[in-house]
Amino acid sequence: MSKYLGIDSSTQSITGLLIDTENNTIVAEESINFDERFKAAYGVENGVFDLGNGAVHSAPLMWAEALDLLLQTLKDQGHDLSEIDAIAGSGQQHGTVYLNNTAAPALQNISSAFPLKDQLAGIFSRDTTPIWMDTSTSAQCAEIEDSVGGQDKLLELTGNTAFERFSGPQIRKFYQTEPDAYNNTAYIGLVSSYIASLLAGKLVGVDPGDGSGTNMMDIAAREWSPIALDATAPDLTDKLLPIAPAGQAIGTISHYFMGRYGFTKDCLVLPFSGDNPSSLIGLGLVTPGQVALSLGTSDTLFACMDQPRTSKTGEGAVFASPDGEHYMALTCYLNGSLAREAVRDIYHFDWASFAEALRITVPGNNSGLMLPYFSPEIVPKVSEPSVVRQNLNEADAKANIRAVIEAQALSSSIHARWMGVDISSLYVTGGASANAEILRVYADVHNCPVHRFETANSAALGAALRAAHGHQSATGNAVSWQETVAPFTEPVAGSTIKPDKDAVAVYREMITEYEALEKAHTVAN
Ligand code: XUL
């Protein structure tokens, strides 16, 4: 058999990626886009609801429906799901799912005769989930930091200063604004543990990778921190299950999925993790010092570390790696593909003409700069959308396209400094990694070779590799992480883009200008 399934439940889609570790191949890769399939039923736009005042939510029932559709699609394509030995997965980080006390029995007694959405609509104590794009919890961040004894204390305890999108501040806001619904909540999960619970047919805990994105986990102990829980909201020990070690199966797949899609009773389910920690594995970053970039809905730059090095400036986050041993440093930009798409759409370009515009414009953009905050930004912190142009004519479409990509690449260099890692090569994933002209800008800004991977779905691949590693350990055939990831994480042959020394010199000067513009704007903001 040796088939393993990785599932990534992300902001705009859910992806299934099936690997065969006997032949070292990806045998299936399928995504269900939320807007395409569910916009009419749930009213989502880019997978989310913008509720105003920085609140951005999504629909957990939609994710359950999408999981059914994903597995049905794989089955209809002729994949024999009975051959799968284990499943692991990942979710967009930080989003919190609130379930009432009917959830546990509903999952246990579910019938494979009807879809999940028809049987689970009643299990939510809150119908929507605040997700990582939500910036509405500044007050709660300050309260939590104060309550634990200050920002440095929270940083020391959890690895992170308080972030608006992190789960703890979001839970606190729910408790403060909807106390009855909060009291009616029996279980709080993350996107990751919620999807894992559906698959296992029982409520399961959050893994340390996603636990570190909550402001509530003791990063050294990889367990909930009683001090941080107390600072967040009452009764959290009852509502959160203990942290689930990432490498240990949480059970076997529920009878629902056996009956409906043909999984066998032996198919193991591993804890799900966050999409970024999962990408760390999917890009083969199991040795400290390696750095990767994911160009997705959010852009994230991340590195594997042996210690939880923290970011005192609040630029970066630290998560436990699902390999059980290392840590990841992460800088997350909210204006990733949303900013690229905004510029593309304003000028009525498609991705081919977008790439062509990059190809024919010059590095340095004749000094034209843009701060591309089409939405509020996480790094640097910008609370209101604002697009700033300097020496840049708004009517010049091609210069604006170059400006958004140069801004993103320069910012990724500036805000990687806190990681203290010398970036000698960059491994790139995510939808935009298919665009070689974008990667060229990153190679020149970082002055290092950039490599591209076969799959842009590194989180789902990381999940499939975690499933393989977990299953092999559980069956007494443990292999090292290095051996697990190596066959699947070779860059695509011939995809490496090397820096151009003239362009490198241009960006060395330009970064100072960009940083000054960014500082001037964000201090004023
Ligand atoms: C990371 C973050 C985002 C989400 C998006 O901290 O908020 O990258 O995980 O999927």
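All of these numbers come straight from a predicted model, not from anything done at the bench.

**Focus on the overall build of the protein**
For the protein, the count of helices and strands is 21 helices and 22 strands. Relative to the compact-globule value of 24 Å for 525 residues, the protein shows a C-alpha radius of gyration of 22 Å, a close match. Overall, the C-alpha framework of the protein stretches about 65 × 55 × 45 Å when taken along its three principal axes. For the protein, buried positions account for 63% of its 525 residues. Pairs at least 24 apart in sequence give 73% of the contacts found in the protein among residues at least 6 apart. As displayed, the protein has an accessible area near 19,000 Å², and 48% of this comes from carbon and sulfur atoms. Both charge centroids of the protein, one from 32 positive and one from 61 negative side chains, sit 2 Å from each other.

**With respect to the pattern of salt bridges**
If you walk through the whole model with that rule in mind, you get 15 salt bridges. A salt bridge links Glu 45 to Lys 39; the shortest N-O distance between them is 3.4 Å. Among the salt bridges present, the one from Glu 164 reaches Lys 381, with a minimum N-O distance of 3.0 Å. You can see Glu 164 sitting in the loop between helix H6 (151-158) and helix H7 (167-177) and its partner Lys 381 sitting in the loop between strand S19 (369-373) and strand S20 (386-390), a full 217 residues away along the chain. Since its relative accessible area comes to 10%, Glu 164 is described here as buried. The exposed category is assigned to Lys 381, whose relative accessible area is 56%. The network of salt bridges with shared partners includes Arg 417, Glu 515 and Lys 519.

**A few points about the packing of helix H5 (residues 138-148) against H6**
The geometry of H5 relative to H6 is characterised by a closest axis approach of 7 Å and an angle of 85° between their N-to-C directions. Judged on the interaxial angle alone, H6 and H5 are roughly perpendicular. Packed against H5, whose contacting residues are Ile 144, Glu 145 and Val 148, the element H6 presents Gln 151, Lys 153 and Leu 154 at the interface. When grouped by side-chain class, the residues that make up the contact of H5 with H6 number three nonpolar, one polar and two charged.

**Some remarks on the sheet that holds strand S17 (residues 317-320)**
The strands that make up a sheet are held in pairs by hydrogen bonds between backbone atoms, and each pair lies either parallel or antiparallel. Spatially, six strands are ordered S17-S18-S16-S15-S21-S22 in an open sheet, and the strand pairing comes out mixed. Only two strands of the sheet have a single partner each, and these edge strands are S17 and strand S22 (450-452). Along the sheet, successive strands turn relative to each other by an average axial angle of 30°, direction set aside. Taken together, the five bridges between strand S15 (residues 291-295) and strand S16 (residues 299-305) define a ladder with antiparallel strand orientation. Looking at S16, one finds that Ser 294 is bridged to Thr 300.

**Considerations on helix H16 (residues 351-360)**
Residues of H16 that are buried: Phe 354, Ala 355, Ala 357 and Leu 358. Buried residues of H16 fall within an arc of 155° about the axis and therefore sit on the same side. Elements that come into contact with the buried residues of H16 comprise helix H15 (337-346), helix H17 (397-414) and helix H18 (436-446). Where H16 begins, the side chain of Asp 350 points an oxygen toward the backbone nitrogen of Ala 352, at a separation of 3.2 Å.

**What to know about the site of the ligand**
Close to the ligand lie Gln 92, Gln 93, His 94, Trp 132, Arg 165, Asp 275, Asn 276, Ser 298, Thr 300, Phe 319, Leu 330 and Cys 332, which account for all nearby residues. Bound to the protein, the ligand loses 97% of the 290 Å² it would expose on its own. Mapped by element, the contributors of at least two residues to the shell around the ligand are helix H14 (275-282) and strand S18 (327-333). Taken together, the residues of the shell around the ligand break down into four nonpolar, six polar and two charged.

**Quick look at the pairing of S15**
Within S15, five of the five residues are buried, which leaves the element mostly enclosed by the surrounding structure. Every second residue of S15 is oriented toward a common face, with Val 291, Leu 293 and Leu 295 on one face and Ala 292 and Ser 294 on the other, all of them buried. Where S15 folds back on S16, the antiparallel hairpin that results is connected by three residues. Where S15 meets strand S21 (residues 426-429), three bridges bridge the pair, whose relative direction is parallel. If you follow Ala 292 over to S21, its bridge partner there is Tyr 427.

**Observations regarding the sheet that holds strand S4 (residues 49-52)**
The strand order across the open sheet formed by three strands is S4-S5-S8, and the pairing between neighbours is antiparallel. Every interior strand has two partners, whereas the edge strands, S4 and strand S8 (129-130), have only one.

**Concerning unusual backbone geometry**
The peptide bond linking Val 379 to Pro 380 adopts the cis configuration, its omega dihedral lying at -10°. With respect to the secondary-structure elements, Pro 380 resides in the loop between S19 and S20.

About the cut-offs
Residues numbered from 1 in each chain as written. Predicted model: local features only at pLDDT ≥ 70, side-chain atom pairs only at ≥ 80, totals over all residues. Heavy atoms only, no water. Helix = DSSP H or I, 4+ residues; strand = E, 2+ residues; numbered from the N terminus. Rg over C-alpha atoms; globule rule 2.2 N^0.38 Å. Buried < 20%, exposed > 50% of the residue type's maximum accessible area, 1.4 Å probe, protein only. Contact = heavy atoms within 4.5 Å. Areas by Shrake-Rupley, 256 points an atom, 1.4 Å probe, with all protein chains shown as cover. Lys, Arg positive; Asp, Glu negative; His and termini not counted. Charge placed at Lys NZ, Arg CZ, Asp CG, Glu CD. Salt bridge = Lys/Arg side-chain N within 4 Å of Asp/Glu carboxyl O. Axes fitted to C-alpha atoms, helices over the stretch in contact; angles between N-to-C directions. Parallel < 35°, antiparallel > 145°, perpendicular 65-115°, else oblique. Nonpolar A, V, L, I, M, F, W, Y, C, P; charged D, E, K, R; others polar. Pairing = 2+ DSSP bridges. Arc of directions from axis to C-beta. Polar contact = N/O pair within 3.5 Å; in protein donor to acceptor, adjacent residues only side chain to side chain. Near = heavy atom within 4 Å.

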